[in-house]
Structures are given as C-alpha cells and as structure tokens.
Amino acid sequence: MSTADADDAVLYDATASGVAVLTFNRPDRLNAWGPDIAAGFYAAIDRAEADPAVRVIVITGRGRGFCAGAYLGAPESAAGYDETMKKAGRTNLADLVGERPPHFVTMLRKPVIAAINGSCVGIGLTQALMCDVRFAAAGAKFAAVFARRGLIAEFGISWILPRLTGWGVALDLLLSGRTFLADEAAKLGLVKEVVPPEDLLPRALQYAEDMARNCSPSALAVIKRQVYADATRDVVEATARAEVLLHEAMPRPDVIEGIVSFLQKRPPQFPALTSNDT
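Residues numbered from 1 in each chain as written. Predicted model: local features only at pLDDT ≥ 70, side-chain atom pairs only at ≥ 80, totals over all residues. Heavy atoms only, no water.

The name an unreviewed UniProt entry gives the protein chain is Enoyl-CoA hydratase, with Mycobacterium kubicae as the organism. What UniProt records for the protein chain under Sequence similarities (unreviewed entry) is the sentence "Belongs to the enoyl-CoA hydratase/isomerase family." (UniProt positions renumbered as here; feature names shortened; annotations may be inferred.)

A. Quick peek at helix α6 (residues 157-165). Among all positions in α6, only I157, I160, L161, P162 and T165 are buried. Contacts from the buried residues of α6 go to α5 (123-129) and α7 (167-176). With its phi angle positive at about 95°, G166 sits one or two positions after the end of α6. (Buried < 20%, exposed > 50% of the residue type's maximum accessible area, 1.4 Å probe, protein only. Helix = DSSP H or I, 4+ residues; strand = E, 2+ residues; numbered from the N terminus. Contact = heavy atoms within 4.5 Å.)

B. Up close: the packing of aromatic side chains. Within this structure, the stated rule accounts for nine aromatic pairs. Note on F24 and W33: the rings are 6.0 Å apart at their centroids and 90° apart in plane angle, and the pair reads as edge-to-face. Accessibility assignment for this pair places F24 and W33 in one class, buried. With a centroid separation of 5.7 Å and an interplanar angle of 80°, the aromatic rings of W33 and F41 are classed as edge-to-face. Exposure remark for W33: the relative accessible area of 2% places this residue in the buried category. For F41, a relative accessible area of 1% puts it in the buried group. Grouping aromatic residues by their ring pairs yields a cluster made of F24, W33, F41, Y42, F66 and F104. Of note, R47 hangs over the ring of Y12, and the distance from its end group to the ring centre comes to 3.8 Å. The cationic tip of R100 hangs over the ring face of F104; the distance from NZ or CZ to the ring centre is 5.1 Å. (Phe/Tyr/Trp six-rings, centres within 6.5 Å; stacked < 30°, edge-to-face > 60°. Lys NZ or Arg CZ within 6 Å of the ring centre and 35° of its normal.)

C. Seen up close, unusual backbone geometry. Although it is not a glycine, F155 adopts a positive phi angle of roughly 55°. Turning to its location among the elements, F155 is positioned in the loop between β8 (141-143) and α6. For F155, a relative accessible area of 24% translates into the label partly exposed. Look at K265: it is not a glycine, yet its phi comes out positive at around 55°. Its location among the elements puts K265 in the segment after α12 (253-263).

Here it is, written out as structure tokens:
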C-alpha cells in the first residue's frame, strides 16, 4: 500500500476556528476498515494532535457509511475464507486491522467527536465509542456483530460499552449482535444527539467549534485524561488525584485567562497546546 493510498483513504481538513475534520473515504465499501483507512487515520490523527492550531478533532465518513466493520473482501472471495482464517490465526493482528488499538483515541490530548453519518458496525462501532462525544444522522445503523461472525468482543468494546450503557444493555447488544438505529442509540446513551443527515456535520462542527473557541486546550487535555484514568480508580483515589491536578493547574495562564475573560465578559484567548504540554 502506498502513502498516496493512505492519504486518499482518509481526507483531512481544518477550520479557521481550530477543528480538524477527518473523513473516511472509501464510500464504495461503506468505509469498511482496512489497512488503507488505518494508515490514513493514524497519519491524520497524528497531524491534528501535533498541530497547535487544532483544538478539537471531528471524525466522519463519506457516503452512506461511517465504518461498516472490517473489510472482508468481495463476495466472490468467500470460497477461500477457510484457509484465509487459518492463516489469520497465525498472523499479527496489526497486519489485519492496523498497528494501534481503537482505545488510542482516548489517550489523545484533544477531544475527538464522531459524526456518525451511516452504518457503524463491528470495529467501526468500537472506533466510534472510543471517541469522546458522538452525534448521529437519523437512520444510521449500529451493530456489535461479533457473535454473528463467530468472533469475540473485539478491541476493547467490552470495556467501553458497559461504561456507556450499563451491563444489561451492553450484554444485549454484544450477545444478540442485533442491528439498531440512531434513535435507539441515543436512548441507550451511545450518542449525544440525532439530527437529520444533512445537518449532521454542521451540527458536529458547531459543537466542536464552540469547544475550540471557549475551552482551554490544557484543561481539555487534563479532563480527558482524568475521565479515562479514573475509570479504573475508586472515588478516594480519583479525588486525591484531582487535588494534585488542581494545584498544578492554578498557576497556569489558562486559569487566569478563564477568570479574567469571564469577569470582563469577553471570549477567552486560551494558549494553544505545545508539544511539551501533557
């Protein structure tokens, strides 16, 4: 696979207000996950994470799918899958789905918002759930289809799904592998908001740009780290850690600017993250 293939597989754009938009660009296969999308996605994420002008990242898909699971090939390839799967059992998973697990998105310093435009299935669902906030187009289809493919709950979905929905709902979705639509996804807590398809990206951008304009990048980075790290701590440990982080935050220019801009009733001018910022 060439660099050009990876670049073409995920489109990159950035708004003047500091939002990077990453678009999965394999609409002919509903943006099913493959090495081309994986490489393009990692390159685009790294670019956005390193750019001080980018404060929030939005991920979406082109066409009718957000990401319709792993790319399994054309229907005519089914006859050879017995031998293919035997080989896959002896293969490094990175060769099949990419070098980074979906949860790496939770470890970024910048907020990541999914604008789910269509089919969000399998590893595509896992990728979306690892984003920090999710919007969905009305009618978008979701499914954790692993059991229906003879697979297990892959790549951390068994960790993130119960935390978003609770045990009962997570087990329903994982054990049944059933398809459900965006409206149910919102009721289950998987997406923040459902909007008409034509309004999806504008609404996600409106949300992201408000965050980029009004929230401290340093505070966003620390809060995001707190939330995911505290998922494995008890409340005493989380509170103690928060006290340490609060003392570290107080001398930063972000706190001064946040208070002064509030008192002066003007938009804040928070400094950008640098490569040295946590």
